[in-house]
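A look at the structure
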Amino acid sequence: MPDSKAASITLLPCTEPATWAAAQAALRLETLEQCWAYGTAVAQVSRTRPERWLIQAGGQEIGLVQAFRRDFAGLFSLVRILRGPLFRPGLDPALRQAALAAVRTQYRGQRRLLWWLPELPGGSEAEALMQRLGLAQMITGWSSVRLDLTPPPNALRSHLDGKWRNALKAAERSPLLIAESSDPAQFDAVMRAHDVQRIEKRFLGPDGAFYRAFAAAADPAHGEQAHLFTASIGNRPVAGMLLLRHGRGATYAAGWSGEAGRLLRAHHRLLWHGLLTLKARGVQHFDLGGANTEEGAGVARFKLGLNGEVFTLAGSYF
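Overview of the pattern of salt bridges
In the structure shown here, the tally under the stated rule is 13 salt bridges. One salt bridge connects E51 with R49, and the closest N-O pair in it is separated by 3.4 Å. The exposure class assigned to R49 is partly exposed, which follows from its relative accessible area of 37%. You can call E51 buried: its relative accessible area is 15%.

Overview of the pairing of strand β12 (residues 249–257)
Where burial is concerned, most of β12 is hidden: nine out of the nine residues are buried. Pairing analysis gives eight bridges linking strand β11 (residues 236–246) to β12, with the strands arranged antiparallel. Across the sheet, the residue bridging to L244 is T251, located in β12. Taken together, β11 and the strand that follows it, β12, pair antiparallel across an intervening segment of two residues, in which G247 is found at a positive phi of about 65°. Both β12 and strand β13 (residues 285–287) contribute to a ladder of three bridges, which runs parallel.

Considering helix α7 (residues 162–173)
The first and last C-alpha atoms of α7 sit 17 Å apart over 12 residues, in line with the 16 Å expected at 1.5 Å per residue. Listed in full, the buried residues belonging to α7 are W164, A167, L168 and A171. With its buried residues spanning 100° around the axis, α7 presents them on a single face. Buried residues in α7 make contact with α6 (153–158), α11 (266–280) and α12 (297–304).

Examining the layout of surface pockets
Each pocket or cavity is described by its volume, and for the second largest pocket that value is around 600 Å³. The wall of the second largest pocket is formed by 26 residues, among which R28, R96, E119, L120 and P121 lie closest to the centre. Residue assignment for the lining of the second largest pocket shows that the elements contributing at least two residues are β5 (86–87), α4 (93–107), α5 (124–132) and β14 (309–312). Class assignment for the residues of the lining of the second largest pocket results in 14 nonpolar, five polar and seven charged.

About the cut-offs
Residues numbered from 1 in each chain as written. Predicted model: local features only at pLDDT ≥ 70, side-chain atom pairs only at ≥ 80, totals over all residues. Heavy atoms only, no water. Salt bridge = Lys/Arg side-chain N within 4 Å of Asp/Glu carboxyl O. Buried < 20%, exposed > 50% of the residue type's maximum accessible area, 1.4 Å probe, protein only. Helix = DSSP H or I, 4+ residues; strand = E, 2+ residues; numbered from the N terminus. Pairing = 2+ DSSP bridges. Expected span 1.5 Å × (residues − 1). Arc of directions from axis to C-beta. Contact = heavy atoms within 4.5 Å. 1 Å grid on protein atoms, 1.4 Å probe; cavity = no way out; pocket = protein on both sides within 12 Å on 5 of 7 lines; lining within 4 Å. Points joined across faces, edges and corners; volume = space filled by probe spheres on them. Nonpolar A, V, L, I, M, F, W, Y, C, P; charged D, E, K, R; others polar.

What follows is the structure, given as structure tokens:
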């Protein structure tokens, strides 16, 4: 790596959400874990604080990274980076490597431990890059499904897996009433149901307290919002789904369904309605929030049925 490349990298602290949102707007993809409201929510529900940096090369912004730092009694700090940094599309690989090295220098050593899931595609190239930074892979690649929402609705629908599309048709013939809700009481009810289901089925990932914190922190003016969609029969809710917007992207966050909702394929209807709603509001890409075919095979099959782009990241490094 040329020394001139490394010397040109600067990490500038970012303390204004508007500045962060403007920097994100220049990126091809905005991941949930790197958005401002996510960092604020993490701080609300844990002893971890976000540290946000704009990455510059030669005075020009080339990316950003949000890290999560927790201090342990002044003895050491544990820093986690989730799905970052994010870089401008088409960035010179040497500059990208220099920027990753600058982040590594910022957070490794001097009583600091770094746990890092970089937003890099899995494979030998990413593994060699992280090894050059002195990091070892601790957990193998993380996978998810990404949908391009820019095609027209009829094209998106025709691209669905046949079984998924048939389930959606059946749900559309059912008595389900689908609506987007801004009622805090309804939000709390769905989150409570999510927490019960999360414990029963041993789901990993955030609980209702985190999603409440995200909803409170999200600023629609900066492209952040928590969208709750509900399915009801008459006045009786039978299922709910939470989708989180972050800039031009959005992510599947949580879902709950009672027995009636499962029988009527409520989640197919909720997700389809949610996708079209977000598309109409300018969302261009949608992340299904992980696809674990081993520990959550049923949920993974549901997500894979949308026939999006399956991608796997390089894994977690320490």
